[in-house]
Amino acid sequence: MSAPSHPGSFTDWLGDHAAPLTHLDPEAPLDDLEPLRELVGAARVVAIGENSHFITEFSLMRRRILRFLTERCGFTVLAFEYGFSEGFPLDAWAQGEGPDDELRARLAEAIPVGVGEPLRWMRRHNASAGVPVRFAGIDVPAAGGSLLPALAPVADYLREADPEVLPMIQEAMRIAGSFAGASAASAAPAWTRLTAAEQDALSAALMRLLMRFRAVEPLYVSRTGRDGYDIALRRLEAACAADYGFRAMAGLFAGTGLTADTSARDVYMAGSVLWHLERLGPAARIVLAAHNAHIQKTPVSFDGHLTGLPMGQHLHHALGDDYVALALTSSAGHTADMRPDEDARFGFTIDDTELQPPEPGSVEAAFAEAGLGLSIADLRRAPRETPGPDRYRIQSAYLHTPVLDAFDAVLTTPVSTVADIED
């Protein structure tokens, strides 16, 4: 992808400079992805987005890019929009622990966001690789659906580190268990049905535990070692972030929320990425898989209202050019609109929605007008003399943001299809 030779419309530039890709097959040759090498450079974190969860083509392309970045560029970690606490047993499986057929059981209760096939590839790769690829969860527990995947191992830790406070965390777990669900879509409405006293008791217990963890750190480390302490603290911080998120979402839907108050989850995810980078050492390089709205480097606004500061904004601030954000989108096909449904398995139902022609001003419209199929564009080389796209698709809606500032590159597929999440 060469630098632009003349100013013109963004669509004209895109037609001249986007690099075509040949296929989506994760097992096929990777030579067409070579434009990624220059785009990525020496970055330590490369985020691969998607404009919607549950899209077959995005999952396939992520798997191809993971292979390319690990096999040809030396990346060593796959970090996923998946629970920080729940990620440790998946990493152990990817390193060869347990039988091959155990993964299905480990993922049985999780929303199927496309982590299974990358993990299976990692396990096969690691069986003969000189440098194994690690797996890292970065998110709050159970996609915000339950605090228990984080709090249960913290309770186990405290049995050794500080048995005196076990009644406190057990009470927090009792309240958390009363509204736990498979995702935030089911847990958030149940949280609103708690009494205000129960909501406050949970938040107070979590904050008291967090402050005690930090206040007596030397004592805990002397009893359990540094590694155990660091992981337990990060798990507790996940529970605190998720608890804050319930209050923030309730305020948002009630029309009483604070500006950008839904940012707690994203700053936690950004912190988790940085935590893994530090823990795994200076040679670690992370492939980060998450939604486009999480990886973008600009604030998230809807209808002109600042809604959140995304993970990508925090990572860009912390890492500068060592963070690269690659958005995945599509020009046509279908998308997975998520409709709340407390009776559904994960608290929502997927509507397989046909996409309308891209809106003027969107990055999807620019790719379509340029006549591009499967292709990638390095937006850092786009001319700034003329306006770039000011929006991109999120499911069947649009998020308004200066796309050239939000992402370093965009990869588009000509069509998108909705996967069966019950598979």
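Residues numbered from 1 in each chain as written. Predicted model: local features only at pLDDT ≥ 70, side-chain atom pairs only at ≥ 80, totals over all residues. Heavy atoms only, no water.

Focus on the environment of D352
Mapped onto the secondary structure, D352 falls in strand 10 (residues 348-354). Overall, the relative accessible area of 49% leaves D352 in the partly exposed class. For D352 and L119, which are 233 residues apart along the polypeptide, the C-alpha to C-alpha distance reads 26 Å. Contact partners of D352, with chain neighbours within four places excluded, come to H334, T335 and V418. (Helix = DSSP H or I, 4+ residues; strand = E, 2+ residues; numbered from the N terminus. Buried < 20%, exposed > 50% of the residue type's maximum accessible area, 1.4 Å probe, protein only. Contact = heavy atoms within 4.5 Å.)

A closer look at the packing of aromatic side chains
The geometry of an aromatic ring pair is captured by two quantities: the separation of the ring centres and the angle between the planes. Inspection of the entire model under this criterion finds 15 aromatic pairs. These aromatic residues form a ring-pair network of at least three members: Y157, F213, Y220 and Y229. (Phe/Tyr/Trp six-rings, centres within 6.5 Å; stacked < 30°, edge-to-face > 60°.)

Section: the environment of P282
Tracing the backbone shows P282 in the loop between helix 13 (264-280) and strand 5 (286-289). P282 sits 115 residues away from A397 along the chain, and the two C-alpha atoms are 40 Å apart.

What about the pattern of salt bridges?
Going through the model one piece at a time under the given rule, you end up with 32 salt bridges. Between R265 and D139 there is a salt bridge, with its nearest N and O atoms 2.6 Å apart. Of the two residues, R265 is situated in helix 13 and D139 in strand 4 (residues 134-139); the sequence distance between them amounts to 126 residues. On the accessibility criterion, D139 (2% relative accessible area) is buried. One salt bridge connects D351 with R339, and the closest N-O pair in it is separated by 3.0 Å. Of the two residues, D351 is situated in strand 10 and R339 in strand 9 (residues 334-340); the sequence distance between them amounts to 12 residues. (Salt bridge = Lys/Arg side-chain N within 4 Å of Asp/Glu carboxyl O.)

Section: the packing of helix 7 (residues 148-161) against helix 10 (residues 196-215)
With their axes 14 Å apart at the nearest point, helix 7 and helix 10 run at an angle of 45° to one another. In terms of axis orientation, helix 7 runs oblique to helix 10. Viewed along their axes, helix 7 and helix 10 form a crossing whose handedness is left-handed. For the pair helix 7 and helix 10, contact is made by L151, V154, Y157 and L158 and by L206, L209 and F213, respectively. (Axes fitted to C-alpha atoms, helices over the stretch in contact; angles between N-to-C directions. Parallel < 35°, antiparallel > 145°, perpendicular 65-115°, else oblique. Left-handed = near helix turned anticlockwise from the far one by under 90°.)

Things to note about the side chain of D337
On the secondary structure map, D337 appears in strand 9. The buried charged residue D337 lacks any salt bridge partner; its closest oppositely charged side chain belongs to R339, at an N-O distance of 8.9 Å. What D337 contacts, discounting residues up to four positions off in sequence, is T349, I350, D351, T353, Q395 and S396. (Lys, Arg positive; Asp, Glu negative; His and termini not counted.)

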